[in-house]
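# Summary of the model geometry
Chain by chain, the residues run as shown.
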Amino acid sequence: MAKTILVVEDEQDIATIIDFNLKRSGFDTLMAYDGPTGLKLALENAPDLILLDVMLPGMDGFEICRRVREKSQVPIIMLTAREEESDKILGLELGADDYVTKPFSNRELIARIKANMRRFSAAEVPQEKTDAGVGLSISEEDTAVYKDGKPIDLSVREFDILSYLAAEPGRVVSREELMEKVWGFEYYGDLRAVDVAIRRLREKIEDEPAQPKYIITKRGLGYYFAKN
C-alpha cells in the first residue's frame, strides 16, 4: 500500500512539481495551499509524512507543526526559503523532524522523505522493554519512555537519540556520530539540530533539564547516557 504524504505549500508551481515527483516515486498525496486547510487535513487524514512550508496564508508552518505535535508524532519535514538559522532551529524546537531549504532537488527531497519514513517505521517494530536507569525505562514495543512507570511521549527522533545513547551508558557520543546514526546519511543539516533535539529530550525526561542526570554533556566532545 502506497504511503500518503501531505504537502502544505501555497506556491502553486512548487506544489505541482512536488506532487508530480512524489507520485512518480510511488507515493499518494494530499495537497493543501493554506495553513488552516493543511492543519485540517493533517489531523483528519493521518498522513504518513507531512511536507510543511513555513510561510503560508492563514496560519504559518510553525503553528501547524506545534498543533500537529499535540496530537501526533507523524514525521514532519519543513520547507523553507529562509536561510536564517533561527527559523530552522525554531522548527526543530517545535517538533519538526527535518527541514529542506528551497530551492532543493527532487533527489534530495525524496531521500529525506524515505529516510524519515524508514526511521518512523523502524520505531514501530515491537521490541522488549529495557531498563535505562533509575526510574527510566525504554519500551521499543510502543516507542515510549517510561519514567517512574508513567509514559513520556517522545518524537521518533527523540526516542532514537535516547535509545542510541542508552545502549552504551557512559560512552561519549559526538554530535557527528549522532547525526550519522540517528539522522542518517541522507541528512545534510547542521550539527545545531543535535543540540536542539537533546534539549527537547531533556525537557521531557529530566526533573531539572539544566542539571541533567540522564543525558550528560561532555564539553567539546559530545553527550553520554549516565551509568546507573
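Residues numbered from 1 in each chain as written. Predicted model: local features only at pLDDT ≥ 70, side-chain atom pairs only at ≥ 80, totals over all residues. Heavy atoms only, no water.

Where an unreviewed UniProt entry is consulted, the protein chain appears under the name Stage 0 sporulation protein A homolog, with the organism given as Butyricicoccus pullicaecorum. According to its UniProt record, the protein chain has this under Function (unreviewed entry): "May play the central regulatory role in sporulation. It may be an element of the effector pathway responsible for the activation of sporulation genes in response to nutritional stress. Spo0A may act in concert with spo0H (a sigma factor) to control the expression of some genes that are critical to the sporulation process." (UniProt positions renumbered as here; feature names shortened; annotations may be inferred.)

## Brief notes about the pairing of strand S3 (residues 49–53)
Summarising burial for S3: 5 of the 5 residues are buried, a large majority. Of the two faces of S3, both are covered, the one formed by Leu49, Leu51 and Asp53 as well as the one formed by Ile50 and Leu52. Across 4 bridges, strand S1 (residues 4–8) lies against S3 in parallel orientation. When the sheet's bridge partners are listed, isoleucine 5 is paired in S3 with leucine 49. In this structure, S3 lies alongside strand S4 (residues 76–80), joined through 4 bridges in parallel fashion. Across the sheet, residue aspartate 53 finds its bridge partner in S4, namely leucine 79. Between the parallel elements S3 and S4, the chain passes through helix H3 (residues 61–69) in a crossover that is right-handed. (Buried < 20%, exposed > 50% of the residue type's maximum accessible area, 1.4 Å probe, protein only. Helix = DSSP H or I, 4+ residues; strand = E, 2+ residues; numbered from the N terminus. Pairing = 2+ DSSP bridges. Right-handed = clockwise from strand over helix to strand, strands pointing away.)

## Side note on helix H2 (residues 35–45)
For H2, the set of buried residues is Gly35, Gly38, Leu39, Leu41 and Ala42. End-on, the buried residues of H2 take up no more than an arc of 165°, which puts them together on one face. Packed against the buried residues of H2 are S1, strand S2 (28–32), S3 and H3. A positive backbone phi angle near 45° is found at alanine 46, which sits one or two residues after H2. (Arc of directions from axis to C-beta. Contact = heavy atoms within 4.5 Å.)

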